[in-house]
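Topology and contacts: notes
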Amino acid sequence: MQPLSAIVQMFHVYKTFDGNCKALVDINLRIEKGEFVFLVGSSGAGKTTLMRLLFREEKTSSGQIIVNGRNINKLKDSHIYQLRRKIGVVFQDFKLIPTKTVFENVAYVLRVLGRSRFEIERKVCAALKRVGLEHKLERYPKRISGGEQQRVAIARAVVNNPVLLLADEPTGNLDAERSREIMQLFLDINHEGTTVLMATHNLRTVEGMNERAIYLREGEIAHY
Amino acid sequence: MQPLSAIVQMFHVYKTFDGNCKALVDINLRIEKGEFVFLVGSSGAGKTTLMRLLFREEKTSSGQIIVNGRNINKLKDSHIYQLRRKIGVVFQDFKLIPTKTVFENVAYVLRVLGRSRFEIERKVCAALKRVGLEHKLERYPKRISGGEQQRVAIARAVVNNPVLLLADEPTGNLDAERSREIMQLFLDINHEGTTVLMATHNLRTVEGMNERAIYLREGEIAHY
Amino acid sequence: MLITRIHAGFRHFFYFFRQAGRNFKIGGLSTIIAVISIACSLLLICLYLLVSSNLSPVLDLARNIEVVLYLKENISPRQISHLQQKLAGFVEVSEARYISKTEALEKFRRMLKKDAILLDGLAYNPLPASFELSLSHELKDPDLLKSFFSRLTNLPEVDSLQGGGEWVQKLSGLLMAIRLVLLCIGAILTIISLFIIASTIHLTIDNRRDEIIIMRLVGATEWYVRFPFVFEGIMEGFLGGCLALVISTVLYYAFCWEISPLLKLVFGISAIDFFGSREIFLILILGVLVGGLGAILPFCVPSHQMR
Amino acid sequence: MLITRIHAGFRHFFYFFRQAGRNFKIGGLSTIIAVISIACSLLLICLYLLVSSNLSPVLDLARNIEVVLYLKENISPRQISHLQQKLAGFVEVSEARYISKTEALEKFRRMLKKDAILLDGLAYNPLPASFELSLSHELKDPDLLKSFFSRLTNLPEVDSLQGGGEWVQKLSGLLMAIRLVLLCIGAILTIISLFIIASTIHLTIDNRRDEIIIMRLVGATEWYVRFPFVFEGIMEGFLGGCLALVISTVLYYAFCWEISPLLKLVFGISAIDFFGSREIFLILILGVLVGGLGAILPFCVPSHQMR
Ligand SMILES: Nc1ncnc2c1ncn2[C@@H]1O[C@H](COP(=O)(O)OP(=O)(O)OP(=O)(O)O)[C@@H](O)[C@H]1O
Ligand SMILES: Nc1ncnc2c1ncn2[C@@H]1O[C@H](COP(=O)(O)OP(=O)(O)OP(=O)(O)O)[C@@H](O)[C@H]1O
Ligand SMILES: [Mg+2]
Ligand SMILES: [Mg+2]
């Protein structure tokens, strides 16, 4: 294991909200390129917070984080977008843009990169097909079901083959059948080279797969 | 079984969105007072839509719905609040008011009824304690985790001992432990006389309990 | 039963009040911007009131129309006093001063100044006796003025009328025009500012669309949802009104020193007037009313449906 | 490499453009309200321009200051033509008309009308020769006027000066004051309307706070996020400007018929002027600029952080 092959490294990371709510306590973590890692913990354990640190939605209270070879604490605000373009995120609350259609929501990730219309059309349709939503391209997010919204969020996260995929509870609104499909999708993407970090509270999902799991309990890593 | 003891009756209910998307097709349904019923179906089956019809967030395209002895198709807009005050709802996307604290979000249901400060304080704290959030009263919804938000939504739905409780995927963001607690909470409430209708995609939850389940498949009742 | 209802009513009221206060704090920058925006539009009305109320004495000064009625020769003192009474009887006349032939010559001499030597060679007094009339302020319409003048000229004792010509009619017309323009500008400014206030509050409430939908979903009556917003609108309107008054006070004192000496020089007005309590009241009431109405408005249009 | 970059740039541009158009449609009532609100505030500037540009010929008319220079007795024709040249040399004088003693008596006779019989008994002509001077428009300052008058009085041929007294200074002062007040009102109106436009656009963008946060989270650069909103602001400003121009055209024609006859009567102005292309351009540019700037503003203040 050379140091260069790590995609995420966290050193003594603390995150405290509002001065007293300790969401993360002394997190030390190393994720290799190409790994598939689960982040397991009960409600309020700090899974989402850890992910939000990785793409700089929040700053650490102390400690260092290195993502894809860059110390993201030292990243200037105006360069954060470079980090985020390498990371695909499935947000726990989906975070779809309500004024854009399903297609445009997924396409936005490619638009910011200035891709051609042809490429955008091809990739977005492929991604939406993978999550089984090819027939709802022109809907607005408020006009599809909860599970469908979640799948749009998944499509958006994977559409540009990110280096790192952060999936926060990505199957919470999906039935068993769909969940299995989505897990397969993540595995496929993982095989194509993307590192996957998936937060879940569902121990069964973890048990069914033969991958590493990181356990969080009240902000601390419980068992590595 | 006298007809009077039914709390929900649906007769040939259809719901079509935007003229072509058939979300519900010919639903006939009867739920007795005091029952605990699961509504099971995969993503996009129409579970949420069915619930939204019950508290008149949407109107039926055709067919009649009788809730608590009233034909809600004939309800005037200005009287909808009377229906809604009898129903507690756990929304799939929580629908917490972002500008109110956790306490105020739950308290709002009692405020609209003009309850005394003392009663509000007592009931809200009790409800939040039941879902394990008694220490986060003064937080705003954006400042708590996804699972915590879901529990606030649950607390809000049960705080006023509704006649009918509609719970849409209420454990989607909760770990197994918490889920069990919440299911127990619903059972307790059910024993106190509240009729519970719970939508879920998780067949395991249903199998673990010995209650009636209604299966939806692409808007139709599949197996009764 | 009734008592519990009243009790609940009070609770609601206090709750709304607290909520409005809290919303105000939470709204943050948006609320501040809305208040300043409202203040700006009310400031328009303030400025208009300042300018127009200070213009009106100037207009009144200029409106002291004076005409001279020249009398025929050989009018007896009795006829004169008779005429004086008659003139005083006209509502259109506010004052009638008799100028005898001797007084007229004296005046003319003063008027000619150094050319008065011309008059030294006169054998008789060629100037007629006259009445100087100040016309009352009610006489605004040039047409009315014309017909009144012809009535004056037709009096048996009157030889001719001076000053009732084109110029007086022009002046009177000009003043009418200025008043009309001022009134129109005032109306337009009021409409504009009321519209801006209402739409500003609409936009701040539009921000809370989702919130309002949720409130309805958990069983709030329509009025229970609206009241805090209406309260908030009223408070924004009131604060906007106060701010507008403060700004116009500052502007007033800043300009007073600049313009007062000029005005004194030109019109003899000692100082510009500021608002009376009536105008202050008007501004605040406008702010409060439009704030409250503007807050109800967004609920009446169907923009609060889901997108 | 460069070519692909340019290519991508064009793509971005067209995408922004389409997005701005779509946002416009989606915004619905809010956008309409914002446009009307902007139109209202630009209408203020329009009205100001209309009133002040139409007032300025009136002010110019009134500014034709005329004074009379009375000459000493026994001035030779050569001295007179010398003086005429001298007076014409002053930049302050736009026209100098010589009035001989005979002409003066003739004028006086006309002025006295029926009292002219007074003059029949004169043995000699007591009136002096004079120059009637029209002063040029540049002479605004009462102090300058005063010093110029004393220079005139000190000329050897001049006996005295009439009309250069208090009245002319008052008039000149009044015009200065009016111009100053108009300028201040214009400045205040401009500030108010610009502020309202910026804050209206701020409020519409504030509605989309969550959207903007999401765009940033999925890797958009700051400018990529801002551009569609800036475009939208520019379009709202432009439409608001157009609407303001339309409304002021309507108001103009509505009032033209009302006020024109009065103005003709009073000032002899044949018609009120409407905007030239310069003013139209100004209004639109203002709308576009403030719309664009107002759309950038909300990004620069930290209200877009999460609540
Ligand atoms: N913005 C915030 N401000 C203050 N406290 C926060 C904020 N976000 C999260 N927290 C707190 O930090 C802790 C961890 O939250 P986090 O969202 O990471 O939990 P989680 O593991 O994702 O839980 P869940 O499974 O419920 O989503 C919780 O106690 C939560 O209340
Ligand atoms: N407002 C709407 N406008 C148009 N179509 C809608 C709307 N809401 C739901 N639908 C469609 O109706 C169907 C049923 O949706 P519904 O939300 O009831 O599904 P669900 O059973 O709750 O699914 P999930 O488990 O994913 O939440 C879906 O195909 C969805 O796309
Ligand atoms: Mg979470
Ligand atoms: Mg659903």
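Residue numbering note: each chain is counted from 1, following its sequence as written. Here every chain gets a letter starting at A, and every ligand a number starting at 1, in the order they are written. Restriction of local features to residues with pLDDT of at least 70 applies here, the model being predicted, together with a cutoff of 80 or more for giving and counting side-chain atom pairs; totals for whole chains, interfaces and linings are based on all residues. Side-chain numbers here rest on the full set of heavy atoms in the structure, without hydrogens or water.

**Observations regarding the overall build of chain C**
This is how the line gets drawn: Labels follow the DSSP assignment, with helices taken as runs of H or I lasting at least four residues and strands as runs of E lasting at least two, numbered in each case from the N terminus. The classification of residues rests on relative accessible area computed with a 1.4 Å probe and restricted to protein chains. Under 20% of the type maximum is buried, over 50% is exposed, and intermediate values are partly exposed. Per-residue and other accessible areas were derived by the Shrake-Rupley procedure at a 1.4 Å probe size, with only the shown protein chains allowed to occlude residues.
Looking only at helices and strands, chain C has 10 helices and 4 strands in total. Sequence-ordered secondary structure for chain C, helices as α and strands as β, is α-α-β-α-β-α-α-β-α-β-α-α-α-α. Expressed as a percentage of the 307 residues in chain C, the buried residues total 50%. Entry remark: accessible area of chain C is about 15200 Å², with carbon and sulfur atoms responsible for 67%.

**A look at the overall build of chain A**
Definition in use: Atoms counted for the radius of gyration: C-alpha only. Globule rule: 2.2 Å times the number of residues to the power 0.38. We call two residues in contact whenever any of their non-hydrogen atoms come within 4.5 Å of each other.
Along chain A, the regular secondary structure elements total 7 helices and 10 strands. The C-alpha radius of gyration of chain A comes to 17 Å, within 12% of the 17 Å expected for a compact globule of 224 residues. For chain A, the spread of C-alpha atoms along the principal axes amounts to about 45 × 40 × 40 Å. When the 224 residues of chain A are sorted by exposure, 60% land in the buried category. Across chain A, contacts joining residues at least 24 apart in sequence account for 69% of those joining residues at least 6 apart.

**Some thoughts on the site of ligand 1**
Short version of the rule: Proximity is defined per residue: any heavy atom of the residue falling within 4 Å of a molecule or strand makes that residue near it. Whenever a nitrogen or oxygen atom comes within 3.5 Å of another N or O atom, the pair is scored as a polar contact, on the condition that within protein one atom can donate a hydrogen and the other can accept it, and that pairs from neighbouring residues in sequence are kept only if both atoms are in side chains.
Close to ligand 1 lie 24 residues, the nearest being Thr48(A), Thr49(A), Lys136(B), Ser145(B) and Gly147(B). In this structure, ligand 1 is bordered by residues of chains A and B. The separation between an oxygen atom of ligand 1 and a polar side-chain atom of Thr48(A) is 2.5 Å. Protein contacts shield 97% of the accessible area of ligand 1, which totals 630 Å² for the unbound molecule. Breaking the shell around ligand 1 down by element, the ones donating at least two residues are strand E2 (21–32) and helix H1 (47–54) of chain A together with helix H5 (146–158) of chain B.

**Points about the coordination of the magnesium ion (ligand 3)**
All names here are of chain A. Quick note on the threshold: Sites may look incomplete because water is not among the atoms; the donors themselves are N, O and S atoms within 2.8 Å of the metal, or within 3.2 Å for Na, K and Ca.
Bound to the magnesium ion (ligand 3) are the protein donor atoms Thr48 (OG1) and Gln92 (OE1), situated 1.9 to 2.2 Å from the metal. Of this pair, Thr48 sits in helix H1 while Gln92 sits in the loop between strand E6 (87–90) and helix H3 (102–111), placing them 44 residues apart in sequence. Classification of Thr48 as partly exposed rests on a relative accessible area of 24%.

**Things to note about the coordination of the magnesium ion (ligand 4)**
Within the protein, the magnesium ion (ligand 4) binds to Thr48(B) (OG1) and Gln92(B) (OE1); these donor distances fall in the range 1.9 to 2.2 Å. On the accessibility criterion, Gln92(B) (16% relative accessible area) is buried.

**Some points on a nonpolar patch on the surface**
Residues and elements named next belong to chain C. Inclusion rule: Residues qualify for a patch when their relative accessible area is over 30% and they have no salt bridge, like charges being joined within 9 Å and the nonpolar side chains of Val, Leu, Ile, Met, Phe, Trp and Tyr within 5 Å. Here a salt bridge means any side-chain nitrogen of Lys or Arg lying within 4 Å of a carboxyl oxygen belonging to Asp or Glu.
A contiguous nonpolar surface patch, about 660 Å² in accessible area, is contributed by Leu2, Ile6, Phe10, Phe13, Phe14 and Phe17. Tracing the backbone through its elements, the reader meets Phe14 in helix H1 (residues 2–27). Overall, Phe14 belongs to the partly exposed group, its relative accessible area being 49%.

**Considering the site of ligand 2**
The immediate surroundings of ligand 2 are formed by 24 residues, with Lys136(A), Ser145(A), Gly147(A), Thr48(B) and Thr49(B) found nearest. Chain contributions to the surroundings of ligand 2 come from chains A and B. A distance of 3.0 Å is found between a nitrogen atom of ligand 2 and a side-chain nitrogen or oxygen belonging to Arg143(A). Within the backbone of Gly147(A), one N or O atom sits 2.7 Å away from an oxygen atom of ligand 2. Considered on its own, ligand 2 offers 630 Å² of accessible surface; in the complex 97% of this is hidden by protein. Every element with two or more residues in the shell around ligand 2 is listed here: helix H5 (146–158) of chain A together with strand E2 (21–32) and helix H1 (47–54) of chain B.

**Topic: the confidence of the model for chain C**
Residue and element names in this part refer to chain C. For the record, the criterion: The predictor attaches a confidence to each residue, called pLDDT, with possible values from 0 through 100.
For chain C, the mean per-residue pLDDT works out to 78, and 75% of the residues sit at or above 70. Taken element by element, chain C is modelled with least confidence in helix H5 (residues 117–120), mean pLDDT 64, and with most confidence in helix H8 (residues 209–217), mean pLDDT 90. Overall, residues 303–307 carries pLDDT values under 50, and its contacts beyond four positions in sequence, including any with other chains, amount to 21 contacts. Per the prediction output, this complex has pTM 0.82; the corresponding ipTM is 0.85.

**Some details on the sheet that holds strand E5 (residues 70–71) of chain A**
All names here are of chain A. Rules: Between any two strands, at least two bridges found by DSSP are needed for them to pair.
Within the open sheet, the 4 strands sit side by side as E2-E1-E4-E5. Their pairing is antiparallel. Since the sheet does not close on itself, it has two edges, and those belong to E2 and E5, each with one partner. By the bridge criterion, 5 bridges tie strand E1 (residues 6–17) to strand E4 (residues 62–67) in an arrangement that is antiparallel. Across the sheet, residue Tyr14 finds its bridge partner in E4, namely Ser62.

**Comments concerning H5(A)**
Definition in use: A helix is expected to span 1.5 Å multiplied by its residue count minus one.
Here H5(A) contains 13 residues, and its C-alpha end-to-end distance of 19 Å stays within 8% of the 18 Å for a straight helix at 1.5 Å per residue. The element H5(A) is extensively covered by neighbouring structure, given that 13 of its 13 residues are classed as buried.

**Structural notes on the side chain of Asn105(A)**
Residue and element names in this part refer to chain A. Inspection of the secondary structure puts Asn105 in helix H3. Relative accessible area serves as the criterion here: at 1%, Asn105 is assigned to the buried category. Residues contacting Asn105, with those up to four places away along its chain left out, are Leu96, Ile97, Lys100, Pro141, Val152 and Arg156.

**Some thoughts on the nonpolar core**
This is how it is decided: The term nonpolar core refers to a set of buried residues drawn from Ala, Val, Leu, Ile, Met, Phe, Trp, Tyr and Cys, joined through side-chain atoms within 4.5 Å.
Among the nonpolar cores identified, the biggest contains 176 residues, and Phe186(A) and Phe186(B) are the most heavily contacted of them. When sequence neighbours within four positions are dropped, the list of residues in contact with Phe186(B) reads Phe36(B), Ile154(B), Val158(B), Leu165(B), Ala167(B), Pro170(B), Val196(B) and Met198(B).

**Comments concerning the pattern of salt bridges**
It is possible for side chains bearing opposite charge to pair when their charged atoms get close. Residues and elements named next belong to chain A. Inspection of every chain in the model, using the stated rule, returns 44 salt bridges over all chains. The salt bridge involving Arg212 is made with Glu35; its shortest N-O contact spans 2.9 Å. Placement of Arg212 in strand E9 (residues 212–217) and of Glu35 in the loop between E2 and strand E3 (36–41) is noted, with a sequence separation of 177 residues between them. Here Lys136 makes a salt bridge to Glu148, at a shortest N to O gap of 2.8 Å. With Lys136 in the loop between helix H4 (117–130) and H5 and Glu148 in helix H5, this pair connects stretches of sequence that are 12 residues apart. One exposure class covers both Lys136 and Glu148, and it is buried. Through salt bridges with shared partners, one network takes in Lys15, Arg52, Glu57 and Glu58.

**Some words on the sheet that holds strand E1 (residues 6–17) of chain B**
Residues and elements named next belong to chain B. Put simply, the rule reads: Only the stretch in contact is used when fitting a helix axis, every axis being a line fitted to C-alpha atoms; angles between N-to-C directions are given from 0 to 180 degrees.
If you walk across this open sheet you meet the 4 strands as E2-E1-E4-E5, and the pairing is antiparallel. Here the strands that pair on one side only, and so sit at the sheet edges, are E2 and strand E5 (70–71). Across the sheet, H1 lies against E1, E2 and strand E4 (62–67), angled at about 120° from E1, the strand it touches most.

**With respect to helix H4 (residues 117–130) of chain B**
Each α-helix winds once per 3.6 residues, and so residues spaced three or four apart point in a common direction. Here H4(B) spans 20 Å end to end across 14 residues, near enough to the 20 Å set by a 1.5 Å rise per residue. Packing partners of the buried residues in H4(B) comprise helix H3 (102–111) and H5 of chain B.

**Quick look at the packing of aromatic side chains**
What characterises a pair of aromatic rings is the spacing of the ring centres plus the angle enclosed by the ring planes. Where we set the bar: Two aromatic rings, drawn from Phe, Tyr or Trp (for Trp, its six-membered ring), form a pair once their centres lie within 6.5 Å of each other, and the interplanar angle then sorts them: stacked below 30 degrees, edge-to-face above 60, tilted otherwise. In this scheme, the term charge over a ring applies when either NZ of a lysine or CZ of an arginine sits within 6 Å of the ring centre and within 35 degrees of the ring normal.
Enumeration according to the criterion identifies 18 aromatic pairs over all chains in this entry. Seen in terms of ring centroids, Phe36(B) and Phe38(B) are 5.3 Å apart; in terms of plane orientation they differ by 55°. Their pairing is tilted. With respect to class, Phe36(B) is no different from Phe38(B); both count as buried. Centre to centre, the rings of Tyr252(C) and Tyr253(C) are 4.9 Å apart; their planes meet at 65°, and the pair counts as edge-to-face. Aromatic ring contacts, followed pair by pair, group Trp223(C), Phe227(C) and Phe231(C) into a single cluster. One cation-aromatic arrangement involves Arg226(C) over Trp223(C); the distance from NZ or CZ to the ring centre is 5.1 Å.

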